[in-house]
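Single-letter residue listing:
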Amino acid sequence: NEICLAMGNKTERNEMSFSRTILITGGAGFIGSHVVRRFVRKYPSYLVVNADKLTYAGNLENLTDIADRENYRFEKTDITDKKSVSALFRKYPFDGIIHLAAESHVDRSIDNPDDFVMTNVAGTVNLLNAALSAWSGNTENRLFYHISTDEVYGSLEGGGAFTEQTPYDPKSPYSASKAGSDHFVRAYHNTYGLPVVISNCSNNYGPNQFPEKLIPLMINNIKNNKPLPVYGKGENVRDWLYVEDHAAAIDLIFHKGKPGETYNIGGGNEWKNIDLVKFLCRIMDRRLNREEGISEKLINFVKDRPGHDLRYAIDSSKIRNTLGWKPTVNFEEGLEKTVDWYLSNTQWLQNVISGEYVKYYEKMYRNR
Ligand code: NAD
Ligand code: TYD
């Protein structure tokens, strides 16, 4: 079983010699790359297969440090393509699936909902079908873990927080497509007995996030002395969680979560956008040796996002009480680490913000 095959510079261990074979979809994206890295490093006896289409948001540069590990494989796969998905399941004997691949940006979903329906809903159903057929008759020690968002619960207009019992009320094409995928995952559990688990997490931040999302976009603009586009009055509230804390929760749920259950994951760290942007400006002033208060002058209130959800907040007591998870990185420390990562990974940022990004930015922010 320990036969090794030489593949380019990488030595590939025989696939039959691993204790488990795990499929991670969307592993070249922001959260996915942290999950892949964690699993590849922490579980050398697992074969980790990263299947990703490499859209604008997928970037193999996120994984250069583990790309040569013998328990890692990359498979360029579009989950909307049934044939590619079937071929992947014929090639590997998956016993666990962690499904992160998605179109993930609300503003893009408003501009073009179709890709969100195709990848988030149809792509998820393709994976469910493939898992069902691969595991027919034997679902023991198998798990389909679907990664979702707190945005499926809609917008909190007053106090309180989303629990696992909060009725779904998605408001944007993005959250509607994620809600649709969650419903399909539960329906496959209920109808066909597929072992599934779902987690719904709040806003993540950290290294490797594509700079269309609030925090890296602001870091990049502050660095380049560009206006900081705050939507509306900046009164909207998000609950921020450091990406590695999310990856730790995913690890725990994958190994200890109960099939059929849902777990909410959140940072217990609510910030109004305007307060967050000002906090970030102060950190950036220190890091860039700018006079305190200088970066804040770049703040520019722009036209609001249509249908902008006012507030998200997560009640994560279920995962805390039943699985013992809690966030470990406080916000100031997490933001400082994130700022330092973006300031020292200039080539990564440069590669990501060239070409397509320039066109995207022009189009999205021109009329705001
Ligand atoms: P991301 O946009 O950074 O990465 C998505 C990845 O999916 C990319 O690598 C992309 O290439 C890949 N992908 C897209 N379409 C694909 C397709 N058709 N086939 C195969 N791969 C495809 O997203 P992210 O922020 O890392 O989010 C990952 C998951 O976590 C998503 O399911 C998202 O809904 C969920 N989530 C994100 C957050 C957050 O704050 N970012 C919070 C909660 C849940
Ligand atoms: P975002 O990072 O897109 O995440 P989500 O919409 O999924 O919560 O946005 C976070 C918050 O920041 C949201 O309230 C919208 C706001 N926002 C801005 O004010 N300006 C921006 O340029 C962006 C991208 C977001």
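Computed from a predicted model, the values in this text were never measured in an experiment.

**Notes on the confidence of the model for the chain**
Regions with low pLDDT carry predicted coordinates that are not meant to be interpreted in detail.
Here comes step 1: Averaged over every residue, the pLDDT of the chain is 95; residues scoring 70 or more account for 97%.
Here comes step 2: Contacts for the low-pLDDT stretch residues 1-7, under 50 throughout, to residues beyond four places or in other chains number 14 contacts.

**Remarks on the site of ligand 2**
Here comes step 1: Around ligand 2 sit 18 residues, and of these Glu151, Pro229, Arg238, Arg305 and His308 come closest.
Here comes step 2: In this structure, an oxygen atom belonging to ligand 2 sits 2.6 Å away from a side-chain N or O atom of glutamate 151.
Here comes step 3: One of the backbone nitrogen or oxygen atoms of proline 229 is found 2.7 Å away from a nitrogen atom of ligand 2.
Here comes step 4: Contact with the protein chains covers 98% of the free accessible surface of ligand 2, which is 510 Å².
Here comes step 5: Of all the secondary-structure elements, those providing two or more residues to the shell around ligand 2 are helix H6 (214-223) and strand S10 (228-231).
Here comes step 6: In terms of residue count, the dominant contributor to the shell around ligand 2 is S10 (three residues).
Here comes step 7: Its residues assigned to classes, the shell around ligand 2 shows eight nonpolar, five polar and five charged.

**With respect to the packing of aromatic side chains**
Here comes step 1: Following the criterion strictly, the structure yields 24 aromatic pairs and no others.
Here comes step 2: Ring centres of tyrosine 153 and tyrosine 168 lie 5.5 Å apart, and the angle between their planes is 85 degrees; on these two criteria the pair is classed as edge-to-face. Note that tyrosine 153 is positioned in the loop between strand S7 (143-149) and helix H5 (173-192) and tyrosine 168 in the loop between S7 and H5, a separation of 15 residues in sequence.
Here comes step 3: You can call tyrosine 153 buried: its relative accessible area is 3%.
Here comes step 4: Members of the aromatic cluster, connected to one another through ring pairs, are Tyr56, Phe210, Tyr231, Tyr357, Tyr360, Tyr361 and Tyr365.
Here comes step 5: Positioned above the aromatic ring of tyrosine 46 is the side chain of arginine 20, whose terminal nitrogen or guanidinium carbon lies 5.7 Å from the ring centre.

How each quantity is defined
- Residues numbered from 1 in each chain as written.
- Chains lettered and ligands numbered in written order.
- Predicted model: local features only at pLDDT ≥ 70, side-chain atom pairs only at ≥ 80, totals over all residues.
- Heavy atoms only, no water.
- pLDDT = per-residue confidence, 0-100.
- Contact = heavy atoms within 4.5 Å.
- Near = heavy atom within 4 Å.
- Polar contact = N/O pair within 3.5 Å; in protein donor to acceptor, adjacent residues only side chain to side chain.
- Areas by Shrake-Rupley, 256 points an atom, 1.4 Å probe, with all protein chains shown as cover.
- Helix = DSSP H or I, 4+ residues; strand = E, 2+ residues; numbered from the N terminus.
- Nonpolar A, V, L, I, M, F, W, Y, C, P; charged D, E, K, R; others polar.
- Phe/Tyr/Trp six-rings, centres within 6.5 Å; stacked < 30°, edge-to-face > 60°.
- Buried < 20%, exposed > 50% of the residue type's maximum accessible area, 1.4 Å probe, protein only.
- Lys NZ or Arg CZ within 6 Å of the ring centre and 35° of its normal.

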